Each structure stands twice: as C-alpha cells, then as structure tokens.
Amino acid sequence: MRIDCQHVWSYISAYIDSEVAAELRAEIDRHLETCEICAAVLDSTRNVVVLIADDRVFELPAGFTQRLHDRLARELELAGP
Amino acid sequence: MEEPPVFRSEESKALGTESEAETIRRILAGERSLFHDLIRPCERPIYLLLVSLLKNEAEAEDAAQETSIKAYLNLRNFRGDSQFRTWVLSIARNEGLGRLRKLGARREDSLDAGADEQTGDFTPAILTSWREVPADALERKELGALLRKAVNGLPEIYRNVVLLRDIEEMDVKETAVALGISEGAVKVRLHRARALLQKSLAPQLGAFAPKRKGWFGGRT
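Residues numbered from 1 in each chain as written. Chains lettered and ligands numbered in written order. Predicted model: local features only at pLDDT ≥ 70, side-chain atom pairs only at ≥ 80, totals over all residues.

## Overview of the overall build of chain A
In terms of helices and strands, chain A carries five helices and zero strands. The helix and strand sequence of chain A, counted from the amino end, reads α-α-α-α-α. Against the globule reference of 12 Å for 81 residues, chain A gives a C-alpha radius of gyration of 22 Å, more extended than a compact globule. Viewed in the frame of its principal axes, chain A has a C-alpha envelope of about 65 × 30 × 15 Å. For chain A, the proportion of its 81 residues judged to be buried stands at 28%. (Helix = DSSP H or I, 4+ residues; strand = E, 2+ residues; numbered from the N terminus. Rg over C-alpha atoms; globule rule 2.2 N^0.38 Å. Buried ≥ 20, exposed ≤ 12 C-beta atoms within 10 Å, placed from the backbone.)

In structure tokens, the structure reads:
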C-alpha cells in the first residue's frame, strides 16, 4: 500500500494518539521518512497539542476556587448528605 | 518516527477510582466536608466547559458553583459506572445548556445537527520544516494569549472536545459521555480541531521557537 500526503493528513490526529493500526502506522512512518512536508505537519500539530495542554495557558480566574468552596461550604451547612 | 503519544494517564488529574468511591461513601455516610476534596480536581474542566458554552466568565463561574452544589445534592444518584468527573461534567453541560435556553440562545443540539458531516477546510498549514516551540516559551505572555485565542476561535463543537481531550486530558470515552456524543464524533471533531489549530497557529509559532545557532556561534 502506498499512501499520499492527504492520506497521511487524514490520520495525523489518530497517529498522535497511537490509534492507527500497526500496518498503517508503518506505512505512515515510511512516508514521513521521505516527506518533509508531512513530517513538519505532524511535528507542528503535536507541538500545538502539547502547548495548549500546559496548565499556564488556561487558568482559572483569580479567586475562583476560594469563592466556589466558600459557597459550597454554606450549602453543605444547609443541606444534609 | 516512533515517538510516545502525547497523552498521559486518564486518571492523572482525577482521584483514583478506588479512593473516589471511598470518598463518596464517606460523604454519604455524613462526612460532608470531604465533598470539597472530591470536587477540587473537577473545578477546571467544569469551568472551561461552561465558559466555552456560555462565553461569559462571570456566568460560567456562577454556573460552576451551581453545578458543584447540584452534584452534592444528587450524589446519591451517582452510580459509579463512570468517573465522578464525567458525571459532574454532564451536570455542568446540562447547567450550561439550561442557562442558554433561558437566555433564548441557540441550543447546542441545533448547532450539532449535521456538523460532523460538514466538509470544511481541514487542510493543514503546509510547512517544509518545523522547529519545536518548548514549553518554556510560555513564560512569554504573548504565546499563551495566542494559544487561547486560537482555541477560543474554534467552532464550539470542536472547542468543547479540545478542552476535554487535549487540555483536560480526558480519554475518548469519558469525553463522549460528558458531551453526550458518540466516541466516533469525539475522534472526528478532535481531528478537525487539531487541524484547524495547526493551520492557524503553525505559521505564527515560528516566532517562539529557539533560534538556530549560526556557523560562527551567531544566530540566524
């Protein structure tokens, strides 16, 4: 089986998540060895996924946790389990 | 080209299943204050999902508090056939959609209809090489702002999946249950979301990559 760039792109997300079958993964790997465009697409996509997962990117508003637990504490006082 | 997958354990941010069950048992037996510990690992995904749905930080915070209270009041109904986090996110989603309905805003369902059949432009940004942007670069505030803008700019159905799968690192099954969609839809939407993010971000992220050393120790 020979796969082209568009075929590789359609599997980028599954490839990153290790969800492609071994045979297809090997075929994609062979393609990536000689296709610098697909290698760059894969590397950049993986880099984006890693960066957005960093805790510094999406943070809770200042004081959020305190306010939530203060309100919760009041409710726990009022309600039985 | 074999590299480890980028995902960590699905349990990484939640209490372990056994300690979770034990904590719930103790809360129901009367140790009410333990609910604080139970809800704490869920705070961020609850808020992020609600702010994605409601697009208003103050409203999302109030809805997150209501979600936590409803989770406590209904804790006896939690059957333990999913993680607590999954269950509480379903409550959050219902809370968010209920508020949208009250506001007369469009329902997520109508937005969802046919969305997975849309073709859209999911062609990636074409690059000939890529220099990795290290996490250290996040010390620069502009990078975080750029990433947030890209994620917030995604269509809602894609954004919700990215928030739970890539940002909260939940697995496919848990994400599907929390969002009330199929596991196949989670995978399709995640693929499209990542393609859209790569397309919008890759051309801009080069500015945050470390410079290559030149031949004479200078930088190119």
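Picking up where we left off.
## Quick look at helix H9 (residues 172-179) of chain B
Residues and elements named next belong to chain B. Most of H9 sits out of view: six of its eight residues are buried. Looking at H9, one finds that the buried residues are Val 172, Glu 174, Thr 175, Ala 176, Ala 178 and Leu 179. Buried-residue contacts for H9 involve helix H5 (84-102), helix H8 (156-167) and helix H10 (183-205). Gly 180 sits one or two residues past H9 and shows a positive phi near 70 degrees. (Contact = placed C-beta atoms within 7 Å.)

## Some details on the interface of chain B and chain A
Contacts between the two partners involve 47 residues from chain B, matched on the other side by 39 residues from chain A. Looking at the side of chain B that touches chain A, the elements that each hand over two or more residues are helix H1 (17-28), helix H2 (35-39), helix H3 (43-54), helix H4 (57-73), helix H7 (141-152), H8 and H10 of chain B. Top contributing element to the side of chain B that touches chain A by residue count: H4 of chain B, with eight residues. In terms of residue class, the side of chain B that touches chain A is made up of 27 nonpolar, 10 polar and 10 charged. (Nonpolar A, V, L, I, M, F, W, Y, C, P; charged D, E, K, R; others polar.)

## Some words on the domain arrangement of chain B
Residues and elements named next belong to chain B. As far as domains go, chain B holds domain 1 (17-107) and domain 2 (120-208). Contacts between the two partners involve 11 residues from domain 1 and, on the opposite side, 12 residues from domain 2. For the side of domain 1 that touches domain 2, the secondary structure elements donating two or more residues are H3 and H5. With five residues, H3 is the single largest residue contributor to the side of domain 1 that touches domain 2. A class-by-class count of the residues in the side of domain 1 that touches domain 2 yields four nonpolar, five polar and two charged. (Domains from an automatic or database assignment.)

## So, the packing of H3 of chain B against H4 of chain B
Residue and element names in this part refer to chain B. At a minimum axis distance of 8 Å, the contact between H3 and H4 shows a crossing angle of 130 degrees. As the angle between them shows, H3 and H4 are arranged oblique. At the point where H3 passes H4, the crossing takes the right-handed sense. Contacts between H3 and H4 involve Ile 46, Tyr 47, Leu 50, Val 51 and Leu 54 on the former and, on the latter, Glu 57, Glu 59, Ala 60, Glu 61, Ala 63, Ala 64 and Thr 67. Here the contact of H3 with H4 is built from residues that sort into eight nonpolar, one polar and three charged. (Axes fitted to C-alpha atoms, helices over the stretch in contact; angles between N-to-C directions. Parallel < 35°, antiparallel > 145°, perpendicular 65-115°, else oblique. Left-handed = near helix turned anticlockwise from the far one by under 90°.)

## Things to note about the nonpolar core
One broad trend across soluble globular proteins is that nonpolar side chains are buried collectively. Residues and elements named next belong to chain B. Ile 46, Leu 50, Val 88 and Val 162 are the most contacted members of the largest nonpolar core, which totals 71 residues. Ranked by residues supplied to this core, first place goes to H10 with nine residues. There are two domains that each give this core at least three residues, and those are domain 1 (17-107) and domain 2 (120-208). Once residues lying within four places of it in the same chain are set aside, the contact partners of Leu 50 are Ala 60, Ala 63, Ala 64, Ala 92 and Gly 96. (Core = buried A, V, L, I, M, F, W, Y, C linked by C-beta atoms within 7 Å.)

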